[in-house]
Structures are given as C-alpha cells and as structure tokens.
Amino acid sequence: MMEITEGSHAVAEAVRLCRPQVVSAYPITPQTHIVEALADFVANCQLDAEYITVENELSALSACVGASAAGSRTYSATTSQGLLLMTEVVFNAAGMRLPIVMSIANRAVGAPLSIWNDMQDSISLRDAGWLQFYAEDNQEATDLHFLAYKVAEDPSIQLPAFVCFDGFILSHTYEPIDMLSQEQVDKYLPKFNPAEKLDAKDPISFGMYATPEYYLEFRYEMDQAQKRAKEVIAKAGKEFGTLFGRDYSALLEGYHLEDAETAIVAMGSICGTVKDAIDEMRAAGKKVGLLKIRVFRPFPSEEIARALSKAKRVAVLDKNISLGAKGGATAIEVRDSMYGSTIPVKGYVLGLGGRDIRKKDIKEIVSLCEKEIGDQFYGLRKELI
Amino acid sequence: MALAIGCRARPGKSRDNKTGSWRVFKPSVDHEKCSKCGMCQTLCPEGCVHEDAEGFFDPDFMYCKGCGICAIECPKEAITMNQEEK
C-alpha cells in the first residue's frame, strides 16, 4: 500500500513487519525516530517483542547478542558514535555468527562533533564481518530490511547485517513508500529457527576461544560465508522481485552505463542526485553513467570489473575517507577490482559531515575526471586551509 | 576437533583443548622427596594433577600449562620447573 512516510518511520514499520522478538537500542540522532516508533509499537501491542532499554549502545548490541543466541529474531539501530561504542560487540556478533539486523542512519564521526551525514561510521566497520546494504531512497531502505533478515538468517550464511541509509537525507525525509502487508512479509520471511541456540536443558556456549591452531580457520569460514552471501542475496532479491515487483537480485545497479564514457560509482542517496545530473549531461550530449553499489559487503568485485569494462574512465564518489590511504574505501576497492585494466579510476572524497552535493558538483567531477584529475577531496573551501 | 560454526561448544569441550602446548617450564616431581600430601593436586588451577596407584601425584602434560604453582607450594620442595625444549 502506498503511503507518504518519514524514512525512519518507514524503516520502523518494515522492522515491525519482520516480527523481531527482541529490540534493544539506545537513542542517537539521526536514528532516534526509528526506535521511538518501535517503542510505541511495543507499548501499543502492535509488535509482540521484548523492548530492552539499556544505558548505552554497547549494552544495546550486547542484549541483542544474548537474545539472538537464545534463538530470537533481533533488531537494533544506531549511527556514528553509537556504532563505534558498540564496536567490540559488532565484531563478536559476527564471529558468533548471529544474524542480527541493525539499521545505520549514516552519520559523520567525531571529532569534531557532527550530527550530519556521511558514511564514515559503517564504512569504518567494513572488516567486522557484517553484511552491508546501502539504500538510495526510502523505498530501498525499507525493502532492504526484509532482504537483510532473509539473507542473514540463511543457514549457509549466519552473519549479521547493517542496513545503511543516509542520516537526515533519508531518515528525516518524507517519501511515498509502497509498504508491504503483514501477509506479504510473512510469506517472504519465515520464522527464525536456528539450528543451535542457548537452552538451559541442552547447554551450549557461543564464541568460545580459539587457539592459534584454530583461529585462522574461523576467520576463513566467515569470509567464505560472506562470499556465499552473493548467491543468497541474488536468490532472495529475485524472490522479492517476483513477489512484490522490486528486484534486488543484483548487488549493483547500472544507470545509462551501457554506452557510458565516464562511469560514476557511488553508494546511497547521492545516487539520486547523480542520476538527475546524468539526465542533464546526456541531454547535453555527454555520455555519463552510474554504477550504484547496493551491497558493499560482500564486495561485488568481479561484478564491478565487468560492469565498468566498457567505460573510458571511472569516477568513484566516497562519503568517507581512509585517512592516510589513497582516498575513500570505495575508490580503493573499486581500483583493486579493476587491477590489470587500463581504465583510469579516480576517487573523490566529498560530502563529509553533511556538506551538500548538488548536480553541478557531479558535473564538475565528471569534467575533472575527463582531465584525469582525481584522487583528492572534492569541494574543499580553499579559504579555510 | 572439527570447526563448529561461530565457535560454539557443548559442555566438556575443554578436554579437547590441549593446553599443554602453552607450557614453557615443565614440572618434574622427585618421588624421593614427595610425601604424597596432595597439595599440588589441590592447588593446580588446571586440575590436571592425578594420583597414581602408588599414591604419587603427577601432572598430565597434555594439559599442564607449566604455571609452576605446584613447585612453589610443594611443602617438600619436591617439584622443580625446567625449561622445555620443543
């Protein structure tokens, strides 16, 4: 059913429809509206879940770890400093192979303190073992939660998942959403029924210690599960498309990419701006296309190399920076995916801490890329430095 | 021990974990001095000291981490710790 809803509330409604049995979170801007709405659902008996209030994010995810190990479908949401405060548990949840789904309303990381959007928070945890989905708009942010639970809980995967969407830009924006019904979601998402769970009558411990003789193999198994997730996402995304008309089987999405001379690679809400800029550039005779990355973990490396193989040049937009490295994480990994190719890959670090990116900026980046100027910050205010 | 997903373990799995590989110093018990008091068995944090048929106490080297508590606490100073060649 179509409805006009704030992004956070659409996400909360999607989570309610997934029937989590335990929700634990701590309010933090710009994620707060999600967990406020979920608290309302629980209080109003619209969601039959334990809502565990805690003193901080470390405890929030710890509560989720316990609940998930006990066999409950579990949900949390956070951003920025909150995500970093729970970092230790983020790694543990993945190592214990607990399919927790957590929404990340992407926000910059301090210091300096910033409540505005970039993707530094979730990107910084790219090595933690969680699946990472990135939404372009609120419809995608909503749908990816159903997909995330389906993939995370698949017995062959058993990994937790971030569903990331840009703080404020999406979380606080009202958009029309085609919201699924409870019957539709129930049809798509079966009950969480893990093979192993905490049970006093049949005791088991999770995440025991591994000596040097075993640890390496545990990490290998997690990496294999990440790689298997590509297939599982393709299958679950296709099923979603068959049932509800929106196909998420591809980890990437192309826009006018077939004959593009300049290919832009981006993630999240900026893709909407890029698409509009491409329309205008195409109208002016410039062959520009977009490759949107919807799934950052597992990273679709081969798929990216294939999708970009016909481009003359590639411009990668990063709303994050790996300080001291050659740019943002996406550019580094795209360049690695293109290793051996003669197509130049230029990275642009932009939009950090909520700096607006407009269509004219995208056009400017395309012309910089044409001149082979890149691997730099874009939009620096020179008068300040 | 086969790998269990998420490093999950049923009770009793610590038997599979041969902590003897951690050892640097290996205890050696002099049965001439030993009074069979059993203090080493009582105080061993690993619980790996066993009484044999003659009443002597010896550590199980599959699990003994070589902490040396038995050697320090032995009232007869019958236990010496020696660096182990591996």
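Remember, it's a predicted structure, so these values are computed and weren't measured experimentally.

## So, the overall build of chain A
On a plain count of helices and strands, chain A comes out with 13 helices and 15 strands. Expressed as lengths along the three principal axes of its C-alpha atoms, the size of chain A is roughly 70 × 55 × 45 Å. Counting only residues that meet the buried cut, chain A has 50% of its 385 residues in that class. Pairs at least 24 residues apart make up 79% of the contacts formed inside chain A by residues separated by at least 6 positions.

## Section: the interface of chain A and chain B
Contact with chain A, which involves 17 residues of that partner, is made by 9 residues of chain B. Of the residues assigned to the side of chain A that touches chain B, the class counts are 8 nonpolar, 5 polar and 4 charged.

## Points about the sheet that holds strand S15 (residues 376-377) of chain A
The strands that make up a sheet are held in pairs by hydrogen bonds between backbone atoms, and each pair lies either parallel or antiparallel. Residues and elements named next belong to chain A. In space, the 6 strands of this open sheet follow the order S9-S11-S10-S13-S14-S15, with mixed pairing throughout. Two strands in the sheet have a free side with no partner beyond their single neighbour: strand S9 (252-255) and S15. With 4 bridges connecting them, S9 and strand S11 (residues 288-293) associate as antiparallel partners. By the bridge assignment, Glu 253 is partnered in S11 with Lys 292. Relative to strand S13 (residues 313-318), helix H12 (residues 329-337) is tilted by about 150°, and along the sheet it contacts strand S10 (262-266), S11, S13 and strand S14 (345-349). Lying over the sheet, helix H13 (residues 359-370) contacts S10, S11, S13 and S14, oriented at roughly 135° with respect to S13.

## A short note on the sheet that holds strand S2 (residues 22-25) of chain A
Residue and element names in this part refer to chain A. With respect to topology, 7 strands assemble into an open sheet ordered S3-S2-S4-S5-S7-S6-S12, the strand pairing being mixed. The two strands at the open ends of the sheet, each matched to only one other strand, are strand S3 (50-53) and strand S12 (295-297). Going across the sheet, the axis of each strand differs from the next one's by a mean of 20°, ignoring polarity. Pairing of strand S6 (residues 131-134) with strand S7 (residues 161-166) involves 4 bridges; the strand directions are parallel. Paired with Gln 132 across the bridge in S7 is Phe 162. The sheet strands contacting helix H3 (residues 57-69) are S2, S3 and strand S4 (74-78), and the helix crosses S4 at an angle near 165°. Its contacts with the sheet place helix H7 (residues 138-152) against strand S5 (101-106), S6 and S7, and it is angled at close to 170° to S7.

## Some remarks on the environment of His 50 of chain B
All names here are of chain B. Along the polypeptide, His 50 turns up in strand S2 (residues 49-51). Each C-alpha atom of the pair His 50 and Ile 69 lies 15 Å from the other, and the pair is 19 residues apart in sequence. Residues within four places of His 50 in sequence aside, it is in contact with Asp 58 and Asp 60.

## Considering H7 of chain A
Residue and element names in this part refer to chain A. With 15 residues, H7 should reach 21 Å at 1.5 Å per residue; the first-to-last C-alpha distance of 21 Å fits that figure. Approximately 25° is the largest bend angle found in H7, and it occurs at Leu 144. Among the 15 residues of H7, 14 are classified as buried, and the element is accordingly described as predominantly covered.

## With respect to the nonpolar core
Within the largest apolar cluster, 122 residues are counted, with the highest numbers of intra-cluster contacts made by Phe 133, Ala 148, Val 151, Ala 161, Val 163 and Val 265 of chain A. Counting only domains with at least three residues in this core, you end up with domain 1 (2-244) and domain 2 (252-384) of chain A. Contacts of Val 163 of chain A, omitting those with residues within four sequence positions, involve Val 101, Ser 103, Phe 133, Ala 135, Ala 141, Leu 144, His 145 and Ala 148 of chain A. Core analysis: the next-biggest nonpolar cluster, separate from the first, contains 8 residues, Cys 40, Val 49, Phe 57 and Ala 78 of chain B among them.

## Observations concerning helix H10 (residues 270-283) of chain A
One turn of the α-helix equals 3.6 residues, which is why residues spaced by three or four share an orientation. Residue and element names in this part refer to chain A. Compared with the 20 Å implied by 1.5 Å per residue over 14 residues, the 20 Å span of H10 between its first and last C-alpha is a close match. By the burial criterion, the buried members of H10 are Ile 270, Cys 271, Val 274, Ala 277, Ile 278 and Met 281. Each buried residue of H10 lies within a common arc of 120° when the element is viewed along its axis, so the set occupies one face. Phi for Gly 285, located one or two positions after H10, is positive at around 90°.

## A word on the confidence of the model for chain B
Low pLDDT means the predicted coordinates in that region are not meant to be read closely. Mean pLDDT for chain B: 92, with 97% of residues reaching 70 or above. Interface confidence for the predicted complex, given as ipTM, is 0.77, next to a pTM of 0.91.

## Notes on the domain arrangement of chain A
Residue and element names in this part refer to chain A. Along its sequence, chain A is carved into domain 1 (2-244) and domain 2 (252-384). One C-alpha centre belongs to domain 1, the other to domain 2; they are set 27 Å apart. The interface is formed by 27 residues belonging to domain 1 together with 20 residues belonging to domain 2. Elements that contribute at least two residues to the side of domain 1 that touches domain 2 include exactly helix H6 (120-124), S6, S7 and helix H9 (215-244). A class-by-class count of the residues in the side of domain 1 that touches domain 2 yields 14 nonpolar, 6 polar and 7 charged.

## Observations concerning the packing of helix H1 (residues 7-17) of chain A against H7 of chain A
Residues and elements named next belong to chain A. Put simply, H1 and H7 touch, their axes get as near as 9 Å, and they point 20° apart. Classified by the angle between their axes, H1 and H7 sit roughly parallel to one another. Crossing of H1 against H7: the hand is right-handed. Here H1 contributes Gly 7, Ala 10, Val 11, Ala 14 and Val 15 to the contact with H7, which in turn contributes Asn 138, Ala 141, Thr 142, His 145 and Phe 146. Its residues assigned to classes, the contact of H1 with H7 comprises 6 nonpolar, 4 polar and no charged.

## Thoughts on the environment of Gly 272 of chain A
Residue and element names in this part refer to chain A. Positionally, Gly 272 belongs in helix H10. Judged by the 15 C-beta atoms lying within 10 Å of it, Gly 272 falls in the partly exposed class. Among residues more than four places away in sequence, those in contact with Gly 272 are Glu 136 and Asp 137.

## Observations concerning the pairing of S6 of chain A
Note on strand geometry: in a regular strand, side chains alternate between the two faces of the sheet. Residue and element names in this part refer to chain A. Every second residue of S6 is oriented toward a common face, with Leu 131 and Phe 133 on one face and Gln 132 and Tyr 134 on the other, all of them buried. What joins S6 to S7 is H7, and the crossover it makes is right-handed. As defined by bridge partners, S6 adjoins S12 across 2 bridges and the pair is classed as antiparallel. Residue pairing for S12: Gln 132 is matched across the bridge by Arg 297.

Quick notes on the rules
- Throughout, a residue's number is its position along its own chain's written sequence, starting from 1.
- Numbering of ligands from 1 and lettering of chains from A proceed in the order in which they are written.
- Owing to the predicted nature of the model, reporting of local features is limited to residues with pLDDT of at least 70; listing and counting of side-chain atom pairs is limited to 80 or more, with chain, interface and lining totals taken over all residues.
- To qualify as a helix, a DSSP run of H or I must reach at least 4 residues; to qualify as a strand, a run of E must reach at least 2; elements of each kind are numbered from the N terminus.
- Partly exposed residues are those falling between the two cut-offs: more than 12 but fewer than 20 other C-beta atoms within 10 Å of their own, whereas 20 or more means buried and 12 or fewer means exposed, with C-beta atoms placed from the backbone.
- Think of it this way: build a C-beta for each residue from its backbone, and any pair within 7 Å is a contact.
- Residues are grouped as follows: nonpolar covers Ala, Val, Leu, Ile, Met, Phe, Trp, Tyr, Cys and Pro; charged covers Asp, Glu, Lys and Arg; every other residue, Gly included, is treated as polar.
- Paired strands, in this sense, are two strands between which DSSP finds at least two bridges.
- Lines fitted to C-alpha atoms define the axes, with helix axes restricted to the stretch in contact, and inter-axis angles between N-to-C directions lie between 0 and 180 degrees.
- Between the first and last residue of a helix there are one fewer steps than residues, each counted as 1.5 Å, and that sum is the expected span.
- The seven residues ending at a residue and the seven starting there each receive a fitted axis; the angle between those axes is the bend at that residue.
- Buried Ala, Val, Leu, Ile, Met, Phe, Trp, Tyr and Cys residues form a nonpolar core when they are connected through C-beta atoms within 7 Å.
- Segmentation into domains, and thus their bounds, comes from an automatic or database assignment.
- Think of the arc as the fan of directions from the helix axis to the C-beta atoms.
- Note on scores: pLDDT gives the predictor's confidence for each residue, bounded by 0 and 100.
- With respect to orientation, any angle under 35 degrees is reported as roughly parallel, any angle over 145 as roughly antiparallel, any angle of 65 to 115 as roughly perpendicular, and every other angle as oblique.
- Note: crossing handedness is left-handed where the near helix turns anticlockwise from the far helix by less than a right angle, and right-handed where it turns clockwise.
- Assignment of crossover handedness uses the view with strands pointing away from the viewer, where a clockwise path from the first strand over the helix to the second indicates a right-handed crossover.

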